[in-house]
Amino acid sequence: MTGIPTVLDERFRAAAAASGDLDVAYDVLDDTPVGPLLVGVSERGLCRVGFDPEPEAELERLARQFGPRVLRTPKALDGVRRELDEYFAGCRHAFDLELDLRATPEFHRRVLEELNRVEYGHTTTYGALAAQVGAPRAARAVGTAMNRNPLPIVLPCHRVVGANGSLTGYGGGLDRKEWLLRLEGALL
Amino acid sequence: MSCAGIPPFERFYESHSGVVLAFLRRRAGRDRADDLFQETFLRALRAYGRLEHGEHLRAWVLTIAANAVVDAARRERPTAELAVEPAVEDELPPVEELAQLTDGLPPKERAAVVLRYGYDLDYDTIGAAIGSNEQAARQAASAGVRRLRKEKEQR
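Thresholds, definitions, all that
Residues numbered from 1 in each chain as written. Chains lettered and ligands numbered in written order. Predicted model: local features only at pLDDT ≥ 70, side-chain atom pairs only at ≥ 80, totals over all residues. Helix = DSSP H or I, 4+ residues; strand = E, 2+ residues; numbered from the N terminus. Expected span 1.5 Å × (residues − 1). Buried ≥ 20, exposed ≤ 12 C-beta atoms within 10 Å, placed from the backbone. Axes fitted to C-alpha atoms, helices over the stretch in contact; angles between N-to-C directions. Parallel < 35°, antiparallel > 145°, perpendicular 65-115°, else oblique. Left-handed = near helix turned anticlockwise from the far one by under 90°. Nonpolar A, V, L, I, M, F, W, Y, C, P; charged D, E, K, R; others polar. Pairing = 2+ DSSP bridges. Contact = placed C-beta atoms within 7 Å. Domains from an automatic or database assignment. Core = buried A, V, L, I, M, F, W, Y, C linked by C-beta atoms within 7 Å.

Visitor: I'd like a description of helix α5 (residues 107-118) of chain B, backed by residues and values.
Guide: Since one α-helical turn is 3.6 residues long, residues separated by three or four positions face the same way. Helix length check: α5 of chain B (twelve residues) gives 15 Å between terminal C-alpha atoms against 16 Å at 1.5 Å per residue, within 8%. For α5 of chain B, the buried fraction is high: ten of the twelve residues fall into the buried class.

Visitor: Can you explain the packing of helix α1 (residues 9-48) of chain B against helix α2 (residues 57-76) of chain B? Please cite residues and give values.
Guide: Residue and element names in this part refer to chain B. Axis separation between α1 and α2 bottoms out at 9 Å; the angle between their running directions is 30°. On the basis of the axis angle, α1 is roughly parallel to α2. Note that α1 runs across α2; the crossing there is right-handed. Residues of the contact of α1 with α2, tallied by class, amount to 16 nonpolar, two polar and five charged.

Visitor: Can you tell me about the sheet that holds strand β2 (residues 37-41) of chain A, naming the residues and giving the values?
Guide: Residues and elements named next belong to chain A. Strand order in the open sheet formed by four strands is β3-β2-β1-β4, with mixed pairing between adjacent strands. Each edge of the open sheet carries a strand with a single partner, namely β3 (46-50) and β4 (70-72). When strand polarity is set aside, the average angle formed by the axes of neighbouring strands in this sheet is 20°. Bridge count between β2 and β3: four bridges; the pairing is antiparallel. Counterpart to V41 in the pairing with β3 is L46. On the sheet, helix α2 (residues 56-66) packs against β1 (24-29), β2, β3 and β4 and is oriented at approximately 160° with respect to β3.

Visitor: Describe unusual backbone geometry, with residues and values.
Guide: Backbone geometry places I153 of chain A, a non-glycine residue, at a positive phi of 75°. By secondary structure assignment, the location of I153 of chain A is in the loop between α6 (139-147) and β6 (160-161). Classification of I153 of chain A by C-beta neighbours within 10 Å gives buried; the count is 21. With phi around 55°, H56 of chain B is a residue other than glycine that occupies positive phi space. Tracing the sequence through the fold places H56 of chain B in the loop between α1 and α2. Of the residues examined, H56 of chain B has 19 C-beta atoms within 10 Å and is grouped as partly exposed.

Visitor: For the pairing of β1 of chain A, give the residues involved together with the corresponding values.
Guide: All names here are of chain A. Pairing between β1 and β4: three bridges, direction parallel. Along β4, the bridge assignment pairs A25 with L71. Where β1 and β2 come together, five bridges link them in antiparallel fashion. Along β2, the bridge assignment pairs A25 with V41.

Visitor: Summarise the domain arrangement of chain A; cite the residues concerned and give the values.
Guide: All names here are of chain A. Entries for chain A in the domain assignment read domain 1 (6-88) and domain 2 (106-183). Taking only C-alpha atoms, the centre of domain 1 and the centre of domain 2 are 24 Å apart. Domain 1 puts seven residues into the contact, and the matching count from domain 2 is eight residues. A breakdown of the residues in the side of domain 1 that touches domain 2 according to their chemical character gives six nonpolar, no polar and one charged.

Visitor: Hey, could you go over the nonpolar core for me, with residue numbers and the actual values?
Guide: Core analysis: the largest hydrophobic core is formed by 82 residues, its most contacted members being V24 of chain A together with L24, L62, A65, A112 and L115 of chain B. The element best represented in this core is α1 of chain B, accounting for 14 residues. Beyond its immediate sequence surroundings of up to four residues, V24 of chain A is in contact with G40, V41, S42, C47, L62, F66 and V70 of chain A.

Visitor: Can you lay out the domain arrangement of chain B for me, pointing to particular residues and giving the numbers?
Guide: Frequently, the measure chosen for interface size is the accessible area that the parts lose on association. All names here are of chain B. Domain boundaries in chain B define domain 1 (7-87) and domain 2 (92-155). On the domain 2 side, the residues contacting the ten residues of domain 1 number twelve residues. Listing elements by their share of the side of domain 1 that touches domain 2, those giving two or more residues are α1 and α2. In terms of residues, the side of domain 1 that touches domain 2 owes the most to one element, α2, which gives six residues. The residue makeup of the side of domain 1 that touches domain 2, split by class, is five nonpolar, three polar and two charged.

Structure, rendered in structure tokens:
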């Protein structure tokens, strides 16, 4: 992509990751069961999981939200890659990653924190989540918070379904939601 | 936070790394170019968060590369260099001194003047840096100098 020798390119990217000068280190995991995933970490923790295989818009958004020093540095994502691999293999039921939600508005953050309590293999509803954050009439706003979840899979918005049990919607598409729920045994 | 017009560093690096490496190989030789390449982009990364706009990034990173070459030469021949130009840490690098002098010039003329007289780059490289060719770089530098002279006379 850069037209320079791979060794030199990789050496710079590793040095950049080690320098502590990056706002966001990211990588694209090409071969997950739900397709390519863009994952990003800031100095505070995981700040992005994106389904969009074309990362252009994602990079612009990361630069706007966290600062322009956004660089692909696979090494910095080793821990995230490992936990996701374990999750997809069915042997990890909870993530131990630090999360950076500073770019998420306060109400959405509260909803996401509540969402994070929904356990592997279980589901909840938009209305129930709304009630749990003390805003029982805000089911629609909870839906918006799910749709804008910056960390899908890790913050399990796929575990939120309609009051009648239907899958309703998913930012990454209903196929992926269904796949994730089947993986967890929440759908048979 | 990101300002309008400043691309994510990844895009900046992809766009300019090839030109920077070619420049360093010409100026410092193949053996040294690899180390200087890394140093150049680490310096650029450090400063990138303080950029106020995204114009002339190629010229900007080439001035950083030129500085890295000069600094490496100083490290290798410290006494000879020190006699001519003390390497004081907080001294303004030439680009910033010239940047102040040339503040009122149109962007292309300014970049050409700074790269030519601040960093002694050849017109071919400057042409690439301002997204043009050797002749345009020559003309921009000379137009810039004429304009500066005129401004000085009017003062």
